[in-house]
Amino acid sequence: MAELLQSIESLELFFADLVENLVGLQSENVLLQNRQYGQPSYDDSLVNSAYVKISPELDERSIYKFQDFSYNEEEDNFTLTTKSTRTLTLSVIFYGPDCYENCFRFNEKMYFNSTKILLEKNYLSLVPDRTNGPTRINEQHNGQWFSRCDILLRFYNGVAFEETVERIKDVDIRLEVDQ
């Protein structure tokens with residue numbers, strides 16, 4: 001492992017797939033929020049859809065670093081691995097007639113063992129006591145009201161970086177005594 005740092009976009013795609021699988025939405029109805037070149041506008045109150053966004057969150061956990069040294073005999077050097085944890089906020093906005101049920105379903109299925117295993121394979125762990133939602137609200141757009149339900153989930157995400165350090169092969173140490 002030279003470097004373990006997942007991009008925000010790859011995590012958003014991972015969570016979009018997770019929302020699609022846990023809730024049962026069609027892939028074209030699970031979109032990423034705030035895309036650079038825009039995205040289809042939500043305009044049909046009869047279509048269930050979801051928007052996913054990941055944001056890094058400042059947290060004191062990121063200041064704690066674990067360092068590990070290992071020696072490679074073949075190459076005669078040391079590898080220094082620095083590991084830490086960052087906190088990420090997942091925001092999912094559900095629209096449609098079943099928005100609350102889909103949001104509630106997604107939240108409940110986050111605690112399934114199969115979901116926890118999938119998260120662990122992606123270096124993620126849910127922070128259950130920092131969940132906000134499901135929160136049901138109505139949103140006005142172009143003079144119409146749309147059903148909306150939001151949820152915020154926090155995750156710890158492991159990161160790691162490696163550095164290779166050459167072994168000191170010899171040292172010339174001389175002691176001189178002044179008289």
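Our structure is the block above this text.
Thresholds, definitions, all that
Residues numbered from 1 in each chain as written. Predicted model: local features only at pLDDT ≥ 70, side-chain atom pairs only at ≥ 80, totals over all residues. Heavy atoms only, no water. Helix = DSSP H or I, 4+ residues; strand = E, 2+ residues; numbered from the N terminus. Rg over C-alpha atoms; globule rule 2.2 N^0.38 Å. Buried < 20%, exposed > 50% of the residue type's maximum accessible area, 1.4 Å probe, protein only. Contact = heavy atoms within 4.5 Å. Areas by Shrake-Rupley, 256 points an atom, 1.4 Å probe, with all protein chains shown as cover. Lys, Arg positive; Asp, Glu negative; His and termini not counted. Charge placed at Lys NZ, Arg CZ, Asp CG, Glu CD. Core = buried A, V, L, I, M, F, W, Y, C linked by side-chain atoms within 4.5 Å. Patch = residues over 30% accessible without salt bridge, like charges linked within 9 Å, V, L, I, M, F, W, Y side chains within 5 Å. Salt bridge = Lys/Arg side-chain N within 4 Å of Asp/Glu carboxyl O. Axes fitted to C-alpha atoms, helices over the stretch in contact; angles between N-to-C directions. Parallel < 35°, antiparallel > 145°, perpendicular 65-115°, else oblique. Nonpolar A, V, L, I, M, F, W, Y, C, P; charged D, E, K, R; others polar. Phe/Tyr/Trp six-rings, centres within 6.5 Å; stacked < 30°, edge-to-face > 60°. Left-handed = near helix turned anticlockwise from the far one by under 90°. Expected span 1.5 Å × (residues − 1).

**Q** Help me get a handle on the overall build of the protein chain, residues and values and all.
**A** Assigned secondary structure in the protein chain consists of three helices and seven strands. Helices and strands in the protein chain line up, N terminus first, as β-α-β-β-β-β-α-α-β-β. Relative to a compact globule of 179 residues, whose C-alpha radius of gyration would be 16 Å, the protein chain shows 24 Å and is clearly more extended. Each principal axis of the C-alpha atoms in the protein chain carries an extent, and together these give about 95 × 35 × 35 Å. The 179 residues of the protein chain split such that 35% are buried. Considering only contacts in the protein chain between residues 6 or more positions apart, those separated by 24 or more positions represent 70%. Counting only carbon and sulfur atoms, one obtains 48% of the accessible surface of the protein chain, whose full area is about 11800 Å². Computed over 17 positive and 30 negative side-chain charges, the inter-centroid distance for the protein chain is 6 Å.

**Q** Report on the nonpolar core, specifying residues and quantitative values.
**A** Grouped together as the largest cluster of nonpolar side chains are 29 residues, with contacts concentrated most on Phe15, Val19, Phe94 and Phe106. Those residues in contact with phenylalanine 106, other than ones at most four positions away along the chain, are Leu18, Val19, Leu22, Val23, Leu90, Val92, Phe94, Ile151 and Leu153.

**Q** I'd like a description of a nonpolar patch on the surface, backed by residues and values.
**A** Together, Ile168, Val171, Ile173 and Leu175 make up an exposed nonpolar region whose accessible area comes to about 520 Å². Here leucine 175 is to be found in the segment after strand 7 (144–166).

**Q** Outline the packing of helix 1 (residues 8–24) against helix 2 (residues 99–109), listing residues and values.
**A** Between two packed helices, both the angle of their axes relative to each other and the distance between the axes serve to describe the pair. Helix 2 packs onto helix 1 with a crossing angle of 105° between their chain directions and a minimal axis gap of 9 Å. When the axis of helix 1 is compared with that of helix 2, the two are roughly perpendicular. Across from Leu18, Val19, Leu22 and Val23 in helix 1, the residues of helix 2 making contact are Asn102, Arg105, Phe106 and Lys109. Classifying every residue of the contact of helix 1 with helix 2 by side-chain character gives five nonpolar, one polar and two charged.

**Q** Outline the packing of aromatic side chains, supporting the account with residue identities and numerical values.
**A** Two aromatic rings are characterised by how far apart their centres lie and by the angle between their planes. The full count for this structure, using the stated rule, is six aromatic pairs. Seen in terms of ring centroids, phenylalanine 14 and phenylalanine 15 are 5.1 Å apart; in terms of plane orientation they differ by 70°. Their pairing is edge-to-face. Ring centres of tyrosine 51 and tyrosine 95 lie 5.8 Å apart, and the angle between their planes is 85°; on these two criteria the pair is classed as edge-to-face. Of this pair, tyrosine 51 sits in strand 3 (residues 49–57) while tyrosine 95 sits in strand 5 (residues 77–95), placing them 44 residues apart in sequence.

**Q** Tell me what's going on with the packing of helix 1 against helix 3 (residues 113–121), and back it up with residues and numbers.
**A** It is the contact of helix 1 with helix 3, at a shortest axis distance of 12 Å, that shows an interaxial angle of 165°. Accordingly, the angle class assigned to the pair helix 1 and helix 3 is roughly antiparallel. Helix 3 is crossed by helix 1, and the crossing has right-handed handedness. Residue-level contacts link Phe14, Phe15, Leu18 and Leu22 of helix 1 to Thr115, Leu118 and Leu119 of helix 3. Partitioned by chemical class, the residues of the contact of helix 1 with helix 3 number six nonpolar, one polar and no charged.

**Q** Lay out helix 1 in plain terms, naming residues and giving numbers.
**A** Over its 17 residues, helix 1 runs 24 Å from end to end, which matches the ideal 24 Å to within 8%, given 1.5 Å per residue. Residues of helix 1 that are buried: Leu11, Glu12, Phe14, Phe15, Ala16, Leu18, Val19, Leu22 and Val23.

**Q** Mind laying out the environment of leucine 18, listing which residues take part and the relevant values?
**A** As for its placement among the helices and strands, leucine 18 is situated in helix 1. Here the alpha-carbon distance between leucine 18 and cysteine 103, two residues 85 residues apart in the chain, equals 13 Å. The residues touching leucine 18, leaving out its near neighbours within four places in the chain, are Phe106, Met110, Thr115, Leu118 and Leu119.

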